[in-house]
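Descriptive analysis of the structure
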Amino acid sequence: MTLLSVQNLRAYYQTQAYGISRTVRAVDGISFDLLPNEVYGVAGESSCGKTTLIKVISGNAKPPLKVLEGSVNYTFGERTVDMLRISQSELRRNVRWKQISYVMQGSMSVLNPVRKVIKTFQDIVDTHEHIKNKNEFLERTRTHINRLGLPAEVLNAYPHQLSGGMRQRVAIALATVFQPALIIADEPTTALDVVVQRGVLQMIRDIQAMSSNTVLLVTHDMAVHANVADRVMIMYAGRIAEEAPTESIFNAPLHPYTQHLINSLPVIGEKSTKASLKGSPPNLADPPSGCRFHPRCPFVMDECRTVVPDLVSVKERHRVACHLVKEDSL
Amino acid sequence: MLKVLRDLLRYDGRFRLAIILLGGVVVMILLSYDSPYDPGKSFVVPWDLPPSREHLFGTTSRGQDLFWWLTFAVRNSLFLGVVTAIISRVISVLVGLTAGYRGGWIDRVLMMVSDTFVVLPLLPILILLSFLLRESMNLLNLAIILGLFGWSFDARLIRSQVLSLRERSFTRTAVYSGTGGFWITIHEHLPFVLPIVFATTLNNILWSIGMEVTLSVLGLSDLTTPTLGTALFWANQHGALVAGVWWWITAPAMVTVVLFLGLYLLFTSINEYIDPRTRLRLIGG
Amino acid sequence: MSANGKLLDVQHVTVEFHIGGLVGGTLLTAVNDISFSLESDKPEILTLAGESGSGKTTLSRLLLRDLEPTKGKVLFEGRDVSTIRKRSEFIEFMKKVQPVFQNPFDTFSPLRRVEAYLFDTVKNFGMASNRRDAAQVVDDALHDVGLSLDEVRQRYPHELSGGQIQRVAVARALISKPKLILADEPVSMVDASLRMEIVNLFRELRDKQKVSVIYITHDLATAYYISDRIGIMLRGYVVELGPVEDVLERPAHPYTQLLKESVPEPAPKKRESWAKHIDLGTTEVKEYGRIGCKFAGRCPKVMDICHKADPPDVRVGQQTVKCYLYSGPVEKDAAEVST
Ligand SMILES: Nc1ncnc2c1ncn2[C@@H]1O[C@H](COP(=O)(O)OP(=O)(O)OP(=O)(O)O)[C@@H](O)[C@H]1O
Ligand SMILES: Nc1ncnc2c1ncn2[C@@H]1O[C@H](COP(=O)(O)OP(=O)(O)OP(=O)(O)O)[C@@H](O)[C@H]1O
Ligand SMILES: [Mg+2]
Ligand SMILES: [Mg+2]
């Protein structure tokens, strides 16, 4: 039973201006499944394609982003939804908000700066015709806010009166009133300090525990994944490098990139020098041949330069794309 | 520069059309220097002739060849528009950049002056000035006056853009690189406000030509100088439409449309090219 | 040179902002009676940490002479920086104190080549007499950060990675051979792999170039990794200051304890304690307006006296702590109190 199944997804940005055309291969052959009732983390360095992946699976792909191949299929109980074929009106009426909520990078801006928070909630009610009874909805909003431990006053405040962390929590509350099956959060805490970050992530966990839905959490901060995610996918240059339960990612990483990520994390109480990754991040408009990590890999072999490694299952629920790791015969 | 032209010509249909339209206007302007008739003289050709091979746009009731007369009119109107635009652009860029970057009392004083110009009722003042200056109200003086009145709103626009640029880190990087205010303005801020300057240049040219038409129709400009405005004034004076001399109105109107449309297309296409966002996309940002 | 051997001496500085309308409105003390100093002959990395809105940026702007203190003095090499008036003096000051900013992608104008900033700096600070020497100076500075002029020549910011740009930014700051670099959240916008690249660079600067660095962040893990001393800021105050090992391994102030607990550890086994619910407190302005200790509203160990007056600075081991818990007649050990 899966909630979402993504198969061999390829989505490129294709732009053209004054005769110079560029293709950015931001998502290049990605397959993975999301299960009901889990927190799935996506990690990877800046501009490796995390946001792009999310845009496609949440039905927000607009030109210049084009999906070239692959499938994105949801199963919401009895209903199945093919995200690449669904009509915009159907998406707006029955899927967005109700089944899938997307807390965007920098999502605090969803709150209208000149309107009280409650008005923003109402505005959104108005644009979604599927909500018939406004009063019922407002009541529901109040209970929801209450349940999440946010003070009731926030509804009557203007966004600028709230701190950044409070705004972010209100934005998340807004996205989850309907208890959607899938909550997608793109870097929900990157701009926040550690104390506030902790509060926001705790809230996300609470929501998840309360309604047993699935959370897709995107952030490049590995320490956050360690504390929040059940499974983690490590992306590198538009592809999956490794995917495993959080414990395995941190205790037995197999891909050299993951190993580097884990080993270079600074920890309080430890001062030994941590090396940074050599070389520069790959250019997705002209990615390296073979394994995309090979120019920076300490264990590079000839094969890596020419052959693209397959993503193979090595243990239960542990997949990795590296020529050093051979498929488990289990 | 050549590469810019080549890119625009090759990839932008608007630019090509603009070049064709404005090419026609330029040819007219060049021809004016070789005109067989003096535009100041009347009754040099038979009057009220409709367009023909010999008189392309026909002749007027004052016995002038309309085509050749309009070559002067276009030249003068465009001259007026360009001079106005140059004067007012220079002022608005200087004021906008300085007020935005310097802030404090300099900003307050400059914005007070600019606000004064925004609220002053331009047309009555122009009418008054035309009366007072009657004799010396030639095109150049009119351009200067219009230039002095046409900068204030755009200076405000530029200033508000600079205010936000000033808060960007790269401005502070420049400050701590020891760069003085003048060069920060030129190197860091000007490139970002150029699109505004360009977009408003067009508006300004059109506005200034339009103002001149208004003044002429009221009979307040130097009516002996051929311009698009005076063309309409004389046509009107002689009741051209009533008398069936429709070409006297149509020809200047057509030339005006070609000029305005050409300028519009030219500016929108160049503007898109120099817009930082497009440039960033172009260099792959 | 300074009389007392101090590179930077911050003496009881206070910065107040008026917020609200012209009439009425309130005073917000963004920096409140802060003092600390850096030695001339002992380059060090001093971290200023604290949650958002605790006054870190305001303090750094003060040190950069971007802002005048309402009260108190900032002495740089013995000279009160607020007496700098002439442009030539300001240039001299900037040669010795240089900033590095938060967002690498905004540090340089996207429409200019990055080398232009490097050459401007050489020219404005008179670091070379001709174009060839200038290129040499620039190249040297870039070598100090592990780059070379050939790598960045003719490049626009977007053609470099975040880590490279941040290194160019540091190289630019190094051109004038500064004594002090102020880095305001230089890694908060970059991902984990770039983060280490940049903090390692600061470490190297201190060890090889003998440059002192004031590193502003809320990331305690990197702070621990690179700094010698750390000051914890809360609503305008430095509530705890001391060697980073002491402060972060045995935090004395309850606020430091909360901060440290909130750092997510990259170890899934330890998630339980981090998941314990916390109180995020009231809004920023309210906390700023609080009488007595600003943390009293959230402090698990709050006492009556905390609501009445500012706590005093107390020495606890190597640390200086602003907290009533330690101001009793007998100084208690930090570890004892926190258990
Ligand atoms: N609208 C766009 N047009 C062209 N290219 C784009 C566009 N948006 C993103 N890209 C490119 O696609 C690649 C992937 O970007 P994406 O935003 O998915 O990265 P990310 O992993 O979310 O990074 P970050 O951690 O910085 O948010 C990048 O190289 C980026 O430059
Ligand atoms: N120019 C100003 N006018 C009024 N208030 C200001 C001004 N600059 C800062 N403040 C206020 O002073 C307080 C401290 O701000 P500051 O930017 O120094 O915090 P910070 O510690 O750098 O926070 P962050 O981690 O979010 O960068 C905040 O409440 C802020 O709103
Ligand atoms: Mg992203
Ligand atoms: Mg700050």
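Preceding this section is the structure that the text describes.
A brief look at the structure comes next. All of these numbers come straight from a predicted model, not from anything done at the bench.

Here we take up the overall build of chain C. The helix and strand tally for chain C stands at 14 helices and 12 strands. In terms of its C-alpha atoms, chain C occupies a principal-axis envelope of roughly 70 × 50 × 45 Å. Long-range contacts, defined here as pairs at least 24 residues apart, represent 64% of the contacts in chain C between residues at least 6 apart. Carbon and sulfur atoms form 50% of the exposed surface of chain C, whose accessible area is close to 14,000 Å². Side-chain charges in chain C split into 46 positive and 47 negative, and the spacing between the mean points of these groups amounts to 2 Å.

What follows covers the overall build of chain B. Scanning chain B for helices and strands turns up 12 helices and 0 strands. For chain B, the C-alpha atoms occupy an extent of roughly 75 × 50 × 30 Å along the three principal directions. Looking at chain B as a whole, 50% of its 285 residues qualify as buried. Per element, the accessible surface of chain B, about 13,500 Å² overall, is 69% carbon and sulfur. Side-chain charges of chain B comprise 21 positive and 17 negative groups, with the mean position of each set lying 11 Å from the other.

Moving on to the sheet that holds strand β3 (residues 39–43) of chain A. All names here are of chain A. Spatially, 8 strands are ordered β6-β7-β8-β3-β9-β10-β12-β11 in an open sheet, and the strand pairing comes out mixed. Of all strands in the sheet, those with a lone pairing partner are β6 (100–103) and β11 (312–315), marking the two edges. With strand direction ignored, the average angle separating the axes of adjacent strands in the sheet is 20°. The pairing of strand β7 (residues 182–186) with strand β8 (residues 214–218) spans 5 bridges and is parallel.

A few words on the pattern of salt bridges. The tally for this structure, following the rule as stated, stands at 41 salt bridges over all chains. Here Glu 45 of chain A ties to Arg 296 of chain A by a salt bridge, and the two come within 3.3 Å at their closest N and O atoms. With Glu 45 of chain A in the loop between β3 and α1 (50–57) and Arg 296 of chain A in the loop between α9 (256–263) and α10 (302–306), this residue pair connects regions lying 251 residues apart in the sequence. A residue is classified by how much of its surface remains accessible, and Arg 296 of chain A, at 8% relative accessible area, is buried. The closest approach of N and O atoms between Arg 250 of chain C and Glu 249 of chain C, which form a salt bridge, is 4.0 Å. According to the relative accessible area criterion, Arg 250 of chain C is partly exposed, its value standing at 39%.

It is worth spelling out the packing of helix α6 (residues 194–211) of chain A against helix α11 (residues 254–262) of chain C at this point. Packing of α6 of chain A against α11 of chain C brings their axes to within 8 Å, and their N-to-C directions diverge by 55°. Comparing the axis directions of α6 of chain A and α11 of chain C gives the class oblique. Considering only the axes of α6 of chain A and α11 of chain C, their crossing is left-handed. Counting all contacts with α6 of chain A, which are made through Val 194, Val 195 and Arg 198 of chain A, the residues of α11 of chain C involved are Leu 258, Leu 259, Glu 261 and Ser 262 of chain C. For the contact of α6 of chain A with α11 of chain C, a count of residues per class yields 4 nonpolar, 1 polar and 2 charged.

So, on to the site of ligand 1. All names here are of chain A. In the vicinity of ligand 1 lie 14 residues, with Ser 46, Ser 47, Lys 50, Thr 51 and Thr 52 positioned nearest. Within the side chain of Ser 46, one N or O atom sits 2.6 Å away from an oxygen atom of ligand 1. In isolation ligand 1 exposes 640 Å². Once the protein is present, 71% of that is buried. Tallied by class, the residues present in the shell around ligand 1 amount to 6 nonpolar, 6 polar and 2 charged.

Further remarks concern the sheet that holds strand β4 (residues 71–76) of chain C. Residue and element names in this part refer to chain C. Judged by pairing direction, the sheet is antiparallel, and its 4 strands sit side by side in the order β2-β1-β4-β5 without closing on themselves. One side of each edge strand has no neighbouring strand; the edge strands of this open sheet are β2 (26–39) and β5 (79–80). The pairing of β4 with β5 spans 2 bridges and is classified as antiparallel. Across the sheet, the residue bridging to Leu 75 is Asp 80, located in β5. Against the sheet, helix α1 (residues 56–63) engages β1 (6–19), β2 and β4, with an angle of about 125° to β1.

Position of Arg 195 of chain C relative to the elements: it lies in helix α8 (residues 192–209). Among the polar contacts listed, one links the side chain of Arg 195 of chain C to the side chain of Asp 219 of chain C, at a separation of 3.4 Å. Beyond its immediate stretch of four places on either side in the chain, Arg 195 of chain C contacts His 220 of chain A together with Val 187, Ser 188, Val 190, Asp 219 and Thr 222 of chain C.

Right, let's talk about the interface of chain C and chain A for a bit. Tallying the contact residues gives 48 residues for chain C and 46 residues for chain A. Taken together, both faces of the contact between chain C and chain A bury some 4,000 Å²; the carbon and sulfur share is 61%. Across the contact surface, chain C and chain A share 2 salt bridges. Counting the contacts that link chain C with chain A gives 15 residue pairs in polar contact (both at pLDDT 80 or more). Among the secondary structure elements, those contributing two or more residues to the side of chain C that touches chain A are α8, α9 (220–226), α10 (244–249), α11 and α12 (271–274) of chain C.

Turning our eyes to something else, we now look at the pairing of strand β10 (residues 239–245) of chain A. Residue and element names in this part refer to chain A. The buried fraction of β10 amounts to 6 of the 7 residues, a majority that puts the element mostly inside the structure. Note: strand β9 (residues 231–236) against β10, 6 bridges, orientation antiparallel. Counted as the bridge partner of Met 233 is Glu 243 from β10. Hairpin geometry of β9 and β10 is characterised by an intervening segment of 2 residues between the two adjacent antiparallel strands and by a positive phi of about 50° at Ala 237. Here β10 runs beside strand β12 (residues 318–320); their pairing, made up of 2 bridges, is antiparallel. Residue pairing for β12: Glu 243 is matched across the bridge by Arg 319.

Basis of the calculations
Residues numbered from 1 in each chain as written. Chains lettered and ligands numbered in written order. Predicted model: local features only at pLDDT ≥ 70, side-chain atom pairs only at ≥ 80, totals over all residues. Heavy atoms only, no water. Helix = DSSP H or I, 4+ residues; strand = E, 2+ residues; numbered from the N terminus. Contact = heavy atoms within 4.5 Å. Areas by Shrake-Rupley, 256 points an atom, 1.4 Å probe, with all protein chains shown as cover. Lys, Arg positive; Asp, Glu negative; His and termini not counted. Charge placed at Lys NZ, Arg CZ, Asp CG, Glu CD. Buried < 20%, exposed > 50% of the residue type's maximum accessible area, 1.4 Å probe, protein only. Pairing = 2+ DSSP bridges. Axes fitted to C-alpha atoms, helices over the stretch in contact; angles between N-to-C directions. Salt bridge = Lys/Arg side-chain N within 4 Å of Asp/Glu carboxyl O. Parallel < 35°, antiparallel > 145°, perpendicular 65-115°, else oblique. Left-handed = near helix turned anticlockwise from the far one by under 90°. Nonpolar A, V, L, I, M, F, W, Y, C, P; charged D, E, K, R; others polar. Near = heavy atom within 4 Å. Polar contact = N/O pair within 3.5 Å; in protein donor to acceptor, adjacent residues only side chain to side chain. Buried area = accessible area lost by both parts, 1.4 Å probe.

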